[in-house]
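Observations on the model geometry
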Amino acid sequence: MKEKSLKNQKNLNLLHRPMDPRNPRDRTLRLVQMAVLVAISSVLVLLSFPILPVVPFMEYDLADIPVLLCTFTMGTPAGLLVLTIAALLQAFVFAHNGIIGFIMHMISSGIWVLLAGGIYSLCKRTTKGMVLGLVCGTIAEVLVMIPLNFIFIPVLMNADLSVAETASIFWQGLFGGYDPAAYSEAAIAMHDTVAGLLWIGIIPFNLIKWVLHSVIFVIVYRSLPFLHRHKQQAEV
């Protein structure tokens, strides 16, 4: 019984201990774990819903939670890999805005993964490091989504607009204002619409989204004890 219990403990600890690249069993296990997380993420993206009436086109889903679990248990590179595959599936298989949706997803969630996972690792995988990583990742994601929304939302709403035009009008507007004569009426109208929604919809939505992500992630992480066993146990 004792040997069986020890074997089960080792199996549970496989998720959280460093992978041995020379061990075929480890490599296979990690690939399976990452594939499962990608599958869960792909299912969760279907359960999306708006959370702010002022921006009904911006919907909340839990698809990034498996990415966060992967980042904090298997490392930042694994988290980025799961994110990339999940983002590709969501953008092109589940028709979540195609290439633009993929780019926005990779930039916003990728920055979060890099910051949160990196800070967690630098802080030696402590609880304080996790909290600091979650906070910094959330702030960075909210900030980076400001230019992304100015550039990409107009193109998603109006197929006749180009990313080059919306990026240019955003950049000029950022530094002293843009020349209305240099842009189409549609581009100006969409830019002004996004600007009007920035403080009442876009920033609040992204802040709520990533705060919820962080809280739900912590609840899930803490409810699965084999994810955060003592380091010595994890290295058994």
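As the structure is a prediction and not an experimental result, all values here were calculated from the model.

So, how was this worked out
Residues numbered from 1 in each chain as written. Predicted model: local features only at pLDDT ≥ 70, side-chain atom pairs only at ≥ 80, totals over all residues. Heavy atoms only, no water. Core = buried A, V, L, I, M, F, W, Y, C linked by side-chain atoms within 4.5 Å. Buried < 20%, exposed > 50% of the residue type's maximum accessible area, 1.4 Å probe, protein only. Helix = DSSP H or I, 4+ residues; strand = E, 2+ residues; numbered from the N terminus. Axes fitted to C-alpha atoms, helices over the stretch in contact; angles between N-to-C directions. Parallel < 35°, antiparallel > 145°, perpendicular 65-115°, else oblique. Left-handed = near helix turned anticlockwise from the far one by under 90°. Contact = heavy atoms within 4.5 Å. Polar contact = N/O pair within 3.5 Å; in protein donor to acceptor, adjacent residues only side chain to side chain. Disulfide = S-S within 2.5 Å. Patch = residues over 30% accessible without salt bridge, like charges linked within 9 Å, V, L, I, M, F, W, Y side chains within 5 Å. Areas by Shrake-Rupley, 256 points an atom, 1.4 Å probe, with all protein chains shown as cover. Salt bridge = Lys/Arg side-chain N within 4 Å of Asp/Glu carboxyl O. Phe/Tyr/Trp six-rings, centres within 6.5 Å; stacked < 30°, edge-to-face > 60°.

Here's the deal with the nonpolar core
Counting residues in each nonpolar core, the largest one holds 15 residues, and the members touching the most others are Val55, Phe150, Leu198, Ile202 and Phe205. When residues of this core are traced back to their parent elements, those giving at least two are helix 6 (127–157) and helix 8 (185–223). With six residues, helix 8 is the single largest residue contributor to this core. Listed in part, the 12 residues of the second largest apolar core include Ile65, Leu68, Phe72 and Trp210.

Examining the environment of Asn206
Within the element layout of this structure, Asn206 appears in helix 8. Residues Asn206 and Thr138, 68 residues apart in the sequence, show an inter-C-alpha distance of 8.5 Å.

Remarks on the packing of helix 3 (residues 65–74) against helix 5 (residues 98–122)
The description of two packed helices rests on the angle between their axes and on the distance between the axes. At a closest axis distance of 9 Å, the pairing of helix 3 and helix 5 adopts a crossing angle of 30°. Put simply, helix 3 runs roughly parallel to helix 5. As for the relative orientation of helix 3 and helix 5, their crossing is right-handed in sense. The residues of helix 5 that touch helix 3, namely those facing Val67, Leu68, Thr71 and Phe72, are Trp112, Val113, Ala116, Gly117 and Tyr120.

Comments concerning the side chain of Thr166
When you line up the elements, Thr166 lands in helix 7 (residues 163–174). Look at Thr166 and you get buried, because its relative accessible area is 1%. Among the polar contacts made by the side chain of Thr166, one reaches the main-chain carbonyl oxygen of Ile151 at a distance of 2.7 Å. Only 3.0 Å separates the side chain of Thr166 from the backbone oxygen of Val163, close enough to count as a polar contact. Discounting chain neighbours no more than four positions away, the residues touching Thr166 are Phe150, Ile151, Pro154, Val155 and Leu161.

So, unusual backbone geometry
Unlike most non-glycine residues, Lys124 shows phi in positive territory, near 60°. Topologically, Lys124 is positioned in the loop between helix 5 and helix 6. Judged by its relative accessible area of 65%, Lys124 falls in the exposed class. Phi is positive for Arg125, close to 60°, though the residue is something other than glycine. Locating Arg125 in the fold gives a position in the loop between helix 5 and helix 6. On the accessibility criterion, Arg125 (31% relative accessible area) is partly exposed.

Side note on the environment of Val82
For Val82, the location among the structural elements is in helix 4 (residues 76–93). Looking at Val82, the relative accessible area reads 1%, which means it is buried. In the structure, Val82 is positioned 45 residues away from Leu37 in sequence and 7.3 Å away in space, judged by C-alpha atoms. What Val82 contacts, discounting residues up to four positions off in sequence, is Met34, Leu37, Val38, Val67 and Cys70.

Description of the state of the cysteines
Per the counting criterion, the structure on display carries zero disulfides. In this structure Cys136 is a free cysteine whose sulfur lies 8.9 Å from that of Cys123, the closest cysteine sulfur available. Relative accessible area serves as the criterion here: at 26%, Cys136 is assigned to the partly exposed category.

Topic: a nonpolar patch on the surface
On the surface, a cluster of nonpolar side chains totalling about 600 Å² of accessible area is made up of Leu81, Ile85, Leu88, Leu89, Phe92, Val93 and Ile99. The biggest single contributor to the nonpolar patch is helix 4, with six residues. The residue Ile99 is located in helix 5 in this model. Using a relative accessible area of 48% as the deciding quantity, one classes Ile99 as partly exposed.

Considerations on the packing of aromatic side chains
As enumerated under the stated definition, the model contains nine aromatic pairs in all. With 4.8 Å between their ring centres and 35° between their planes, Phe72 and Phe217 make a pair best called tilted. Within this pair, whereas Phe72 is found in helix 3, its partner Phe217 is found in helix 8, the two being separated by 145 residues in sequence. Of the residues examined, Phe72 reaches a relative accessible area of 0% and is grouped as buried. Of the residues examined, Phe217 reaches a relative accessible area of 0% and is grouped as buried. Taken together through their ring pairs, the aromatic side chains of Phe72, Trp112, Tyr120, Trp210, Phe217 and Tyr221 make up a single cluster.

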